[in-house]
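Structural overview for review
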Amino acid sequence: MTEASRLSVRDRRIVLALAGAAVVWRWLVVQRTPLPGVDACRSLWLADEFARGSFVGLASAPGEALWAALLAPWVACGVTSWTAAQIVACALGGLVVVVVAIAAERWRESAGVPAAVLAMVVAGPVVAAGAGSVACLQAALVAVALWGLAARRWWWCGLVGALAFVPGFDALQERDPASILRAVRLGGIYLVPVALLWVLPPRPVRSVWLLVAWSMACAVAVLGSSLPALLPAVSPCLAVLGGIGLARLPARGRELVVCAVVLGEMHGAWSEVEPPSARVERVVGRLLRQHLRGSESLVSDRARVLWSAGQWPAPVHTPDAVLAAAARPEVAFLVLDVRIAKDATVAASLAGTFARHEISADLTDLLAEHGLQMLVRRRRP
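What comes next is a walk through the structure. Just so we're clear, the structure is a prediction, and the values are computed from it rather than from any experiment. Along each chain, the written sequence defines residue order, and numbers are assigned to residues from 1. In keeping with the predicted nature of the model, local features appear solely for residues at pLDDT of at least 70, side-chain atom pairs appear and are counted solely at 80 or more, and the whole-chain, interface and lining totals rest on all residues. Derived side-chain values reflect all non-hydrogen atoms in the structure, with water molecules and hydrogen atoms excluded from consideration.

The subject of this paragraph is the overall build of the protein. Under the DSSP-based scheme used, a helix requires at least four consecutive residues in state H or I and a strand at least two consecutive residues in state E, with every element numbered from the N terminus. Helix and strand content of the protein: 20 helices and 4 strands. When a residue's accessible area, from a 1.4 Å probe over protein chains only, is under 20% of the maximum for its type it is buried; when over 50% it is exposed; and in between it is partly exposed. Per-residue burial for the protein yields a buried fraction of 55% across its 381 residues. Contact between two residues is taken to exist if any of their heavy atoms lie within 4.5 Å; hydrogens are not considered. Partitioning the intrachain contacts of the protein with sequence separation of at least 6 by distance along the chain shows that 75% fall at a separation of at least 24. Surface summary for the protein: the accessible area is close to 16700 Å², and the carbon and sulfur share equals 65%. Per-residue accessibility takes into account occlusion by the displayed protein chains alone, with areas from the Shrake-Rupley method and a 1.4 Å probe.

If DSSP finds at least two bridges between two strands, the strands pair. Overall, mixed pairing links the 4 strands, which are arranged β1-β2-β4-β3 in an open sheet. Two strands close off the open sheet at either side, each with one partner strand: β1 (297-300) and β3 (354-356). Averaged over all neighbouring strand pairs, the angle between strand axes comes to 25 degrees, with direction disregarded. One ladder, built from 3 bridges, connects β3 with strand β4 (residues 372-377); its direction is antiparallel. From the neighbouring strand, F354 faces β4, where its bridge partner is R377. Note on definitions: angles span 0 to 180 degrees between N-to-C directions of axes, and those axes are lines fitted to C-alpha atoms, for helices only across the stretch in contact. Along the sheet face, helix α15 (residues 280-291) touches β1, β2 (331-337) and β4 and points at about 170 degrees away from the line of β2. Where helix α17 (residues 319-326) meets the sheet, its contacts fall on β1, β2, β3 and β4, and the angle it forms with β2 comes to roughly 165 degrees.

Judged by nonpolar contacts, the single largest core of 78 residues is most densely connected at W67, L71, V97, V100, W107, L210 and V240. The dominant element in this core, judged by the number of residues it contributes, is helix α4 (residues 81-107), at 14 residues. Non-local contacts of L210, meaning those with residues more than four positions away in its chain, are made with W107, L146, L149, C237, V240 and L241. Buried Ala, Val, Leu, Ile, Met, Phe, Trp, Tyr and Cys residues form a nonpolar core when they are joined through side-chain atoms within 4.5 Å. With 16 residues, the next largest nonpolar core counts L288, L298, L306 and L367 among its residues.

Moving on to unusual backbone geometry. In the Ramachandran plot, S110 falls in the positive-phi region, its phi being about 75 degrees despite a non-glycine side chain. Its place among the elements puts S110 in the loop between α4 and α5 (112-121).

Where burial is concerned, most of β2 is hidden: 7 out of the 7 residues are buried. Pairing of β1 with β2 involves 4 bridges; the strand directions are parallel. By the bridge assignment, S300 is partnered in β2 with V335. Where β2 and β4 come together, 5 bridges link them in antiparallel fashion. Within the sheet, the bridge partner assigned to D337 lies in β4 and is L372.

Any residue with an atom within 4 Å of a point lines the site, the site being either a cavity, points on a 1 Å grid over the protein atoms alone where a 1.4 Å probe fits but cannot get out, or a pocket, an open set with protein on both sides within 12 Å along at least 5 of 7 lines. Grid points are joined across faces, edges and corners, and a volume is the space filled by probe spheres set on the points. All chains considered together, the criterion is met by 2 cavities of 30 Å³ or more. One number sums up the size of the second largest cavity: a volume of about 50 Å³. The wall of the second largest cavity is formed by R26, A89, L92, G93, V96, A119, P125, C136 and A139. Going through the elements one at a time, α4 and α7 (135-150) are the ones with two or more residues in the lining of the second largest cavity. Top element by residues in the lining of the second largest cavity is α4. It accounts for 4 residues. Considering only residue class, the lining of the second largest cavity consists of 7 nonpolar, 1 polar and 1 charged. Each residue is assigned to one of three groups, with Ala, Val, Leu, Ile, Met, Phe, Trp, Tyr, Cys and Pro labelled nonpolar, Asp, Glu, Lys and Arg labelled charged, and all others, Gly among them, labelled polar.

Set out below in structure tokens:
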């Protein structure tokens, strides 16, 4: 068969079964996920606004508009924005498996099914599905761009590929070695050695662009200030390269390698889900939403607390930013990391205007376990 080969009838059935398995696996991880992702908060907030017919927040996060627009119809039908994001993300996971298989088969005969298996289990998009992250949409767009590249539809590849990276410019995540290392793991760390099998001859020359794309994403994630979530989005590149490499191995060796990668990636996705205690951010946000009156607002360094409280998820991360925000008279509550709240300058400056908020003992313990402190403005009737 030629470089433009197609999936056989048997392989199509296998790929469709793998697509269904991808949806089920993602939904299992969804059930364990206590909170939306930090990078999902803006999209979810925008989806709620779009469903109400408001487009005020669009100028603040234009890159999130496509993902929010996909979720808005669900929200308008009564589904919460986070649940809608999880449902759509799981469906997109199945789509990615199919498109990756078609693209890999076009590059090399018998590469489609192995690539589909890798796309099904790669940890990043699986965890992102539970978090309702836009990375799921990005991964789907990257997969479609790969199909365009394999089919020599250059304009389609360029257009969809460029569109895939637009949401990254609105990312909320700060530069942080821990998040970068986590993104590298979720980007398909177990797929990397398998993908390197691509270099064995004979190799499709055009597939070098997949390696280039993934390498550029690594460089941006490490050197950039707010794009560590980019690696899971480009994981389809590794899945296709891995499929091409696995197609060169004998059947028994291929099966052993695939089993090892599947176990590694599934363990990675299962273990990278946040602990249940993280749910306190959503609980506190909902509680404060009930206590906010009129034009009152909340300041926090946690985007998910702000989103849960119905506020625009723009967290403050430095003591100076906290003090500047707390000086506004409409700010009624502060929910801060204890390291910021106990900063000498912050504590001294806020002592006269804010006090510890008296809440139930259980919630107080959860806040302490999660490293948060909640303050309320004094003399609030």
